[in-house]
Every structure is written in C-alpha cells, then in structure tokens.
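One-letter residues, chain by chain:
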Amino acid sequence: MQLITGISELVVNDLDTLGELGIITDAALLIDDGRIIWSGPSAEADTAVSSRLGESVGKGLNDDDIANGEVTSANDLGGLETIDLSGKAVIPGFVDSHNHLIFAGDRSEEFAARMAGQKYSAGGIATTVASTRAATESELEANLVHLLEQAKRQGTTTFEIKSGYGLTVPDEIQALDIINRHTEESTLIAAHVVPPEFKDEPERYVDLVIDEIIPAAAGKAKWIDVFCETGAFTEVQTRRIIDAGKAVGMKPRLHANQLTEGGALKLGAELGCVSVDHATFASDEDLAVLAEAGTVVTLLPSIEFSTRQPYPDARRYVDAGVSLAIASDCNPGSGFSNSMPFVIAIGVRDMHFTVEQAVWAATAGGANALQRTDVGHLGVGARADLAILDAPSYRHLAYRPGVQLVERVYSGGELIVDNRPRD
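Just so we're clear, the structure is a prediction, and the values are computed from it rather than from any experiment.

A closer look at the sheet that holds strand β13 (residues 296-299)
Adjacent strands of a sheet form backbone hydrogen bonds with each other and so pair up, either parallel or antiparallel.
Working step 1: Judged by pairing direction, the sheet is parallel, and its eight strands sit side by side in the order β7-β8-β9-β10-β11-β12-β13-β14 without closing on themselves. Single-partner strands in this sheet number two, and they are β7 (94-96) and β14 (323-326). Between one strand axis and the next, the sheet turns by 25° as a mean value, whatever way the strands run.
Working step 2: Of the strand pairs in this sheet, strand β9 (residues 185-191) and strand β10 (residues 223-228) are connected by three bridges, and their pairing is parallel. From the neighbouring strand, Leu188 faces β10, where its bridge partner is Ile224.

Focus on the sheet that holds strand β1 (residues 2-10)
Working step 1: In space, the seven strands of this open sheet follow the order β3-β2-β1-β6-β15-β16-β17, with mixed pairing throughout. A single partner strand is all that each edge strand has here, and the edge strands are β3 (35-41) and β17 (414-418). Looking at each pair of strands side by side, their axes are set apart by 35° on average, direction ignored.
Working step 2: Where strand β6 (residues 81-92) and strand β15 (residues 386-389) come together, three bridges link them in antiparallel fashion. Residue pairing across strands places Val90 opposite Ile388, the latter belonging to β15.

Observations concerning the environment of Val417
Working step 1: With respect to the element layout, Val417 can be found in strand β17.
Working step 2: Along the sequence, Val417 and Lys152 sit 265 residues apart, while their C-alpha atoms lie 7.0 Å from each other.
Working step 3: Setting aside residues up to four positions removed in sequence, Val417 forms contacts with Lys152, Arg153, Glu407, Arg408 and Val409.

Focus on the packing of helix α6 (residues 202-217) against helix α7 (residues 235-247)
Working step 1: At their nearest, the axes of α6 and α7 sit 10 Å apart, and the two run at 5° to each other. As the angle between them shows, α6 and α7 are arranged roughly parallel. Residues Pro202, Glu203, Val206, Asp207, Val209, Ile210 and Ile214 of α6 pack against Gln237, Arg240, Ile241, Ala244 and Gly245 of α7.
Working step 2: Its residues placed into classes, the contact of α6 with α7 shows seven nonpolar, two polar and three charged.

Brief notes about the pairing of strand β11 (residues 251-256)
Working step 1: Counting buried positions over the six residues of β11 gives five, a clear majority of the element.
Working step 2: In the sheet, β10 pairs with β11 via four bridges, with the strands oriented parallel. Pairing of Phe227 across the sheet is with His255, part of β11.
Working step 3: In this fold, the crossover linking β10 to β11 by way of α7 has right-handed handedness.
Working step 4: Relative to strand β12 (residues 275-278), β11 runs parallel, the two sharing four bridges.

Cut-offs and rules
- Residues numbered from 1 in each chain as written.
- Predicted model: local features only at pLDDT ≥ 70, side-chain atom pairs only at ≥ 80, totals over all residues.
- Heavy atoms only, no water.
- Pairing = 2+ DSSP bridges.
- Helix = DSSP H or I, 4+ residues; strand = E, 2+ residues; numbered from the N terminus.
- Axes fitted to C-alpha atoms, helices over the stretch in contact; angles between N-to-C directions.
- Contact = heavy atoms within 4.5 Å.
- Parallel < 35°, antiparallel > 145°, perpendicular 65-115°, else oblique.
- Nonpolar A, V, L, I, M, F, W, Y, C, P; charged D, E, K, R; others polar.
- Buried < 20%, exposed > 50% of the residue type's maximum accessible area, 1.4 Å probe, protein only.
- Right-handed = clockwise from strand over helix to strand, strands pointing away.

Pasting the structure below:
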C-alpha cells in the first residue's frame, strides 16, 4: 500500500465532462494493489490510512500510529510506503489513443521539404512501407520499445498502437503480434494507403484487406481503422472494410477529414465508430451528427504543427457538444512527436482549448476514445497510472512548453519513470 502526500493539486477527472478536472488541493492519494482506493484532502489522510490499514492487517490504528498521513509506528502495518511530494501536482497518466509506432526508416527529409513549402499528401506513407517491409521483427520491436520509453518519460501510461506500414498479410500480422506484446489497444489499419503494387488496382487491394488480412487479424486486433481521405480510401471502400472488421469482432474507429472536408465524419458516426480522428475539416452539420451519435472526436495537434494544415478551432467542437480527445498521432511522416505535454501546449495555443480542457482531453478524453473507464482518471477503483509534475499546478504543462515537467510516472502503482536528477 502506498500513501502519496504533499500533493499541491490532484487532478482526479470526471470521465463524462470535458474540462472537469475535479481538482483537490493540498491532497493525498492512497494506492493498494495497483488501484486508487482513496483520494482527498491531506487533512483526512490519517483517517483514510487508519481505516484501510486496519482492514488490511486485521486491526485498527490510532492517532499515535499515524501523524499527518505518515505512519509513525513500525509494528507490522501492512507495508505502507509513504511518499511526500512537498507541493508537486499529480495528474492521471496520459492516454494516447492514436499512434503509429510500428515502422522503420526516417522521413526527416520529407519534413524539411514541407517546412520549405512542399505540400503534405497521403502518398508519403509508401516510403515508410518500403522500409518497414525490409526490417526484421526484432528491429521493428526495438524501435517500438524505444519510442514507448520516450513517451513514458513524458507521462504517457496507456497507448493505442496501429499497424499499417506493412500492407501485406504477413507484415500486418507481424505488426499486430508485436503490438500485442506491449498494449491491449491494438488497431488494424491495413487500409492505411494503397500499396505500390496495387497502385493501378485499388479495388483488388480492398478485396485483399477484406478477404485475407482482416480474417487473419481476427482475435489479434481490438480495433479496425481506415484512412478515409483523398489519396487513400473512398467512403464506399471504407464502409466495406469497416463492416468486414466489425463482422469479426473488431471495434471501429476512423481517420477522417484530415486533408479535405469530405463525408468521412458523417460516415464514421453512421458506422458506429467509437472515435473519428483528425477531423481537421468539419462542417457544422458534421459536428451536429457526431454530437448526436456520441462519437469521440480525437484532435491531433502535432499533425497540424508538422504539416502546416490549418488548426481546427476546438471551441466550435465544444460549442457543438462534441466529445473530444487529444492524442499524439506519433508517426514518421506527418507528425513525429510522442510528447503529450507538447500536444497539450499546441492544443491550448493554436486550437483554443482551455488548459483544463486540453489536460482532460489528453487523459479522460483519450480513455473515452478507447472505451476505457479504468484509466484517464484517479477516482476510486482506477488504475494507479499517474504522473508527478515538477510543478505546483497542471497549468504548467501549457504554461512552460518544451520543459521536462514530468518528474515521475507510476503505472499500476509501480514506479516506471524517474526523471529526477541523480546525485
């Protein structure tokens, strides 16, 4: 059992209400068996610890055993570990609900060309496909682990990861096998782009996805995704692929309206997609349909940053009643950042989220986009996934962009990252 005290601001989160952080100041947090079992004001920690430890070891404790939330008696008190943060903020671990981390190769030259004025298009994905197909399984997994470790040091504790850079039956299945060793949020996006060998016969590739890749991926992918966009897959093709995935038990999500204002957002709502991602171009009608359907819209600030696409105004989406999430969309082409603090800062600065909305969207919002109730918040029963900030307030995530503010990270109550300077 662990008692964390001295928390200047504890972000608990309400999973249902955008921006409702449920802040507790001068807070404490009690963890047992990897779960949150109590949170509240530090002044109430003595009582909470006494009650919980009394249950744990079969006896009650009195005021002589505990003072200011810290155990003072050493007589078999259930192994309570106390951690005093001395005025640091604690937030839920980030839930990054959109990632493309299984790949090989480097596209920094493409990025430099965009910054020099070249327009982004979906076709650049084919460059990564060639490199990924040429890589070994161990090389692909080593790169994935490296990227995951980077993201964990930035406070991310839950990851959705997509396939989509192999685009053959064995390559897509290999990607899913690797993904499943590192997260339960695995997504098949064999319909990422039409591979070069099917360039002149896109329908044949769609048939391959439906008839061979999806059946082979059944039981390996929790989610089915499609890049429904000019230069990728049409709405008709998307419907066929999503329906095929749903038929074998995969849950639907969609890349929609990243480059153009097409019909992909409405299609996503119609198909029952849990989340539609990008949504850079959205009409008022699109937003009304999504709000009515309860579809989560996942905005991806680092993509607009890296492609120089226009930033969507989150205030429009909020005013329309749309449920929002923020994710990194870390990928080698259109946005190679796996830092959720970075995307929060961009979301606040350029998408007009309030700080509270952005922090919520990167935690509780991501949980909603994955239909998870055990992560993205620090309420009783939640996984003890949390980030300790080297700052007195969550607001510093947007206030001090580019600064490493994540001091420590816990996953399931276990310390997995410690960024504090070594003596």
